Amino acid sequence: KTIYDRMGRLQDTQWIYEDAARRFMVAHSDFGSAKFVVEFGSGTGRFAGQLLSDHLAPDARYLGLDVSSTMVGHARRRLAKWEERAEVRLTDGRPVLPVEAGTVDCVVSTYVLDLLSAEDIRAVLGEARRVLRPDGRICLVSASPGVSRVQRAVMGAVAAVHRVNPALIAGCQPIELLPFLDEGWRVRFHGHDAFCGITSEILVAEPVEA
């Protein structure tokens with residue numbers, strides 16, 4: 001919270017490696033059919049603005065959640081033109097989605113799960129499965145350890161910095177998303193994208209009925 005309160009709009013400078021990975025995610029997420037989208041970690045609202053402007057239907061609702069009051073302020077201002085159907089809430093940092101079960105078409109989280117502990121990642125995924133409709137989907141992007149030798153070298157350096165002082169890289173650490181998905185999920189898309197070795201993992205999955 002402290003890091004992102006301080007960072008504010010500077011977070012938008014990360015578009016240089018984040019945007020391409022998000023485009024891959026969007027291409028496999030069918031946002032056009034979604035009526036209710038929840039974003040866990042809305043940041044400055046930049047990605048939400050892209051969704052509302054270019055991908056979501058005119059009657060689709062958006063709820064953004066973030067622990068940083070600074071980010072929530074930026075996101076609310078950025079999404080003001082859609083205020084009738086877009087809401088951004090300040091949270092207390094718990095891995096909870098404050099919506100009713102079975103009401104959400106798409107849960108989105110980009111570059112947030114790589115800030116969390118393994119326990120909290122599992123909690124977020126559990127919450128996503130609770131709130132999603134049977135035909136809903138979870139759409140994720142995170143920092144990844146990489147696939148190629150160059151990617152692994154670059155992201156290995158990122159991991160080393162994180163071990164010394166996470167604040168230097170805004171708390172991000174390379175993680176592997178796929179192992180967190182148990183038999184309760186069906187993967188619709190899984191891939192990686194890299195910019196100068198900075199690697200992202202993209203994952204789109206849907207819940208499977210027990």
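Residues numbered from 1 in each chain as written. Predicted model: local features only at pLDDT ≥ 70, side-chain atom pairs only at ≥ 80, totals over all residues. Heavy atoms only, no water.

Undergrad: Looking at this model, I keep getting lost on the nonpolar core. Mind explaining?
TA: Most often, soluble globular proteins have nonpolar side chains that are buried together. In terms of nonpolar packing, the biggest core is built from 29 residues, with Met25, Phe31, Val37, Tyr62, Leu79 and Val108 touching the most fellow members. Secondary structure elements with two or more residues in this core: helix 2 (15–27), helix 3 (46–55), helix 4 (69–78), strand 3 (86–90), strand 4 (104–110), strand 5 (132–143) and strand 7 (198–207). Excluding residues that lie within four positions of it along the chain, leucine 79 makes contacts with Gly45, Ala48, Gly49, Leu52, Tyr62, Ala86 and Val88. Core analysis: the next-biggest nonpolar cluster, separate from the first, contains 26 residues, Phe36, Ile121, Leu140 and Phe180 among them. (Core = buried A, V, L, I, M, F, W, Y, C linked by side-chain atoms within 4.5 Å. Buried < 20%, exposed > 50% of the residue type's maximum accessible area, 1.4 Å probe, protein only. Helix = DSSP H or I, 4+ residues; strand = E, 2+ residues; numbered from the N terminus. Contact = heavy atoms within 4.5 Å.)

Undergrad: Explanation requested: the state of the cysteines in the structure shown.
TA: Linking two cysteines covalently through their sulfur atoms gives a disulfide. Per the counting criterion, the structure on display carries zero disulfides. Looking at the unpaired cysteine 106, the closest cysteine sulfur is the one in cysteine 139, lying at 3.3 Å. Using a relative accessible area of 0% as the deciding quantity, one classes cysteine 106 as buried. Here cysteine 172 stays unpaired: no disulfide links it, and the sulfur of cysteine 196, its closest cysteine neighbor, is 17 Å away. (Disulfide = S-S within 2.5 Å.)

Undergrad: Is there a simple way to think about the side chain of serine 200 in this case?
TA: Within the element layout of this structure, serine 200 appears in strand 7. Using a relative accessible area of 1% as the deciding quantity, one classes serine 200 as buried. Here the side chain of serine 200 touches tyrosine 111 through a polar contact of 2.6 Å, side chain to side chain. Beyond its immediate chain neighbours, meaning those up to four positions away, serine 200 contacts Tyr17, Ala21, Tyr111, Val141, Ser142, Ser144, Gly191, His192 and Asp193. (Polar contact = N/O pair within 3.5 Å; in protein donor to acceptor, adjacent residues only side chain to side chain.)

Undergrad: Quick question: what am I supposed to make of unusual backbone geometry here?
TA: Most peptide bonds take the trans configuration, and most residues that are not glycine carry a negative phi. Within the chain, aspartate 30 stands out as a residue other than glycine whose phi angle is a positive 55 degrees. Exposure remark for aspartate 30: the relative accessible area of 42% places this residue in the partly exposed category. Unusually for a residue other than glycine, cysteine 196 sits at a positive phi of about 55 degrees. When you line up the elements, cysteine 196 lands in the loop between strand 6 (185–195) and strand 7.

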